[in-house]
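Listed below are the residues making up each chain.
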Amino acid sequence: MNNIVIEELLNKEEILWLNPYKLPFEYTNALCELIVSDNDIKDAEELFLRFAPFIKKVFPETQKNNGIIESELIRIEKMQNAMETTTKLKISGNVYLKQDSHLDVAGSVKARGGFFEVLKYAETLALKHDKINTNDDYVKFASEEMKEFFGSFTIQVGSTGNLGLSIGIISAALGFNVKIHMSADAKKWKKDLLRSKGVEVIEYESDYSKAVYEGRKASMSDPKSYFVDDEWSVNLFLGYAVAANRLKNQLVENKIIVDKNHPLFVYIPAGVGGAPGGICYGLKRIFGDNVHCFFVEPCVYPSVLLGISTQKFEKVSVSDYGVSGKTDADGLACASPSGFVTRIMTNHVSGIFTVSDDTLYKYLKMLHKSEKISVEPSACAGFVGPLATTKCVDFKKYLNLNNIDGDALSNSNHIVWATGGKMVPEDIFDKYLNY
Ligand SMILES: *Cc1c(COP(=O)(O)O)cnc(C)c1O
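Along each chain, numbering runs from 1 in the same order as the chain's sequence is written. Two thresholds apply to this predicted model, a pLDDT of at least 70 for residue-level local features and 80 or more for giving and counting side-chain atom pairs, whereas whole-chain, interface and lining totals are computed over all residues. For side-chain calculations, the full set of non-hydrogen atoms in the structure is used, while hydrogens and water are omitted.

1. Remarks on the pairing of strand β8 (residues 264-269)
Part 1 of the argument: Most of β8 is tucked away, with six of its six residues classed as buried.
Part 2 of the argument: Neither face of β8 is exposed, since L264, V266 and I268 on one face and F265, Y267 and P269 on the opposite face are all buried.
Part 3 of the argument: Pairing between two strands is assigned when DSSP locates at least 2 bridges connecting them. Each helix corresponds to a stretch of at least 4 residues labelled H or I by DSSP, and each strand to a stretch of at least 2 residues labelled E; elements are numbered beginning at the N terminus. Pairing between β8 and strand β11 (residues 413-418): four bridges, direction parallel. Residue pairing in the sheet places L264 in a bridge with N413 of β11. Whether a residue is buried, partly exposed or exposed follows from its accessible area with a 1.4 Å probe, protein chains only, as a fraction of its type maximum: under 20%, in between, or over 50%, in that order.

So, in structure tokens, the structure goes:
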């Protein structure tokens, strides 16, 4: 990797790293089809549909949407104005917010990947033991008999907080025993909430990679235990990828065109890379070169950036590069990235921004004030994207490299992917506002 980038990372500056490994979509399409195919994603969509009657039954808040957990895409004009007036810069194009921060039940993007992986495991077990067949009404999964059946199995996961919440909630609803291995960065209220649901929370004093390592080890020694492996899981990735087709429908509903003259820019916070990777992979398969996906990581945890830029993937740890520090973006505090995601996204991701906590809080307050929307610090990372269109030299370089001219840029749409926030207790959110 470029030494200048390392130096900037060491200085904890906010940067945009442009991915030199990105390829035109047609070059990667065939290989990708072999790894995660369109059919795999379609199967994942169908699994969510089969489980909708169960979800609807056990989580009444999902009744309005018939058991499908999906978030709104909204235009945030007031926020865009606030971003422009405070910086005296104009954003080219329109800014939208994808509110995974307010997904039903789990209140974060993890409701996609986490729910999918657990539901898939539950279905596999139930099929194997002749408890169900795929034509049945899956409301059956809410029965006492099923809960008793799943009660002899354990699900474990390492988490910085939100993955644990998502896996804990859905696993407990199905009747599984659940053990969540939490890193030091995990917020206390997330641990308390899980314990209140009967979930066993095991705490570690070190970082996320250690929590995953310990969880994996504990699970391996128990034949009736299943480990959700955030650093390698293809199922999590598939659950996230389902977002893409649903977003496509929302774009159509909102009359948002995506083509060469109307590029779509998407900015998603990254921890190990699973959520942004899965979502962006799905979007690339639909929109090809007309969607431009950027990840955003904390200045002190640029693990996906290091993994892809060095091509050492999961073998990097931010501390090996001397990058360290604390962040309130607990959902993004991952020292090493996913080996699977850094590989599959190497030729797809446009670039990766880094962001400081100060900037996250600035946008958290601005969003709250302008749009009355509350999200957690991690979820604000994507807001660094839209202003880069005018103020960032590297972004301009990207536009030139990709032949995006001024007209196309002014027709462009920017989606800031808000990834968590609904579950934050009020007193904690008040503290965020007073940061
Ligand atoms: C987990 C999480 C992310 C990033 O997901 P990864 O799969 O770890 O990259 C982003 N925002 C929030 C709020 C999260 O909880």
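So that's the structure; there's more coming.
2. Details of the site of the ligand
Part 1 of the argument: Distances are taken per atom, and a residue is near a molecule or strand as soon as one of its heavy atoms is within 4 Å of it. Within the structure, the ligand sits among 16 residues, and K110, N162, G271, G273 and T419 are positioned closest to it.
Part 2 of the argument: Within the side chain of N162, an N or O atom sits 2.7 Å from an oxygen atom of the ligand.
Part 3 of the argument: Residues adjacent in sequence count toward polar contacts only when both atoms are side-chain atoms; beyond that, a polar contact is any pair of N or O atoms within 3.5 Å, and within protein one must be able to donate a hydrogen and the other to accept it. A distance of 2.7 Å is found between an oxygen atom of the ligand and a backbone nitrogen or oxygen belonging to G271.
Part 4 of the argument: Coverage of the ligand by the protein amounts to 99% of the 380 Å² it exposes when considered alone. Values of accessible area rely on a 1.4 Å probe in the Shrake-Rupley scheme; residue burial ignores everything except the protein chains shown.

3. Observations regarding the sheet that holds strand β1 (residues 16-18)
Part 1 of the argument: Pairing within the open sheet is mixed, and its seven strands lie in the order β1-β10-β9-β8-β11-β3-β2. A single partner strand is all that each edge strand has here, and the edge strands are β1 and β2 (73-75). Across the sheet, the axes of successive neighbouring strands diverge by a mean angle of 25°, strand direction being ignored.
Part 2 of the argument: Pairing of β1 with strand β10 (residues 351-355) involves three bridges; the strand directions are antiparallel. When the sheet's bridge partners are listed, L18 is paired in β10 with G351. For every element, the axis is a line fit to its C-alpha atoms; helices are fit only across the contacting stretch, and the angle between N-to-C directions ranges from 0 to 180 degrees.

4. Some points on the environment of M423
Part 1 of the argument: Positionally, M423 belongs in the loop between β11 and α18 (426-433).
Part 2 of the argument: Using a relative accessible area of 21% as the deciding quantity, one classes M423 as partly exposed.
Part 3 of the argument: M423 sits 84 residues away from G339 along the chain, and the two C-alpha atoms are 29 Å apart.

5. Things to note about the packing of aromatic side chains
Part 1 of the argument: Think of it this way: a Phe, Tyr or Trp ring, Trp meaning its six-membered ring, pairs with another when their centres are within 6.5 Å, and the plane angle makes it stacked under 30 degrees, edge-to-face over 60, tilted otherwise. As enumerated under the stated definition, the model contains 26 aromatic pairs in all.
Part 2 of the argument: Summarising the aromatic geometry, the rings of Y121 and Y226 are spaced 4.1 Å apart at their centres and angled 20° between planes, so their arrangement reads as stacked. Within this pair, whereas Y121 is found in helix α5 (residues 110-128), its partner Y226 is found in strand β7 (residues 225-228), the two being separated by 105 residues in sequence.
Part 3 of the argument: We classify Y121 as buried; its relative accessible area is 14%.
Part 4 of the argument: Taken together, the ring pairs in this structure connect F51, F54, Y121, Y138, F141, F149, F150, F153, F176 and Y226 into an aromatic cluster.
Part 5 of the argument: A positively charged side chain is recorded as over a ring if its NZ (Lys) or CZ (Arg) lies within 6 Å of the ring centre. The angle to the ring normal must also be within 35 degrees. Taking NZ or CZ as reference, K362 lies 4.9 Å from the ring centre of Y363, over its face.

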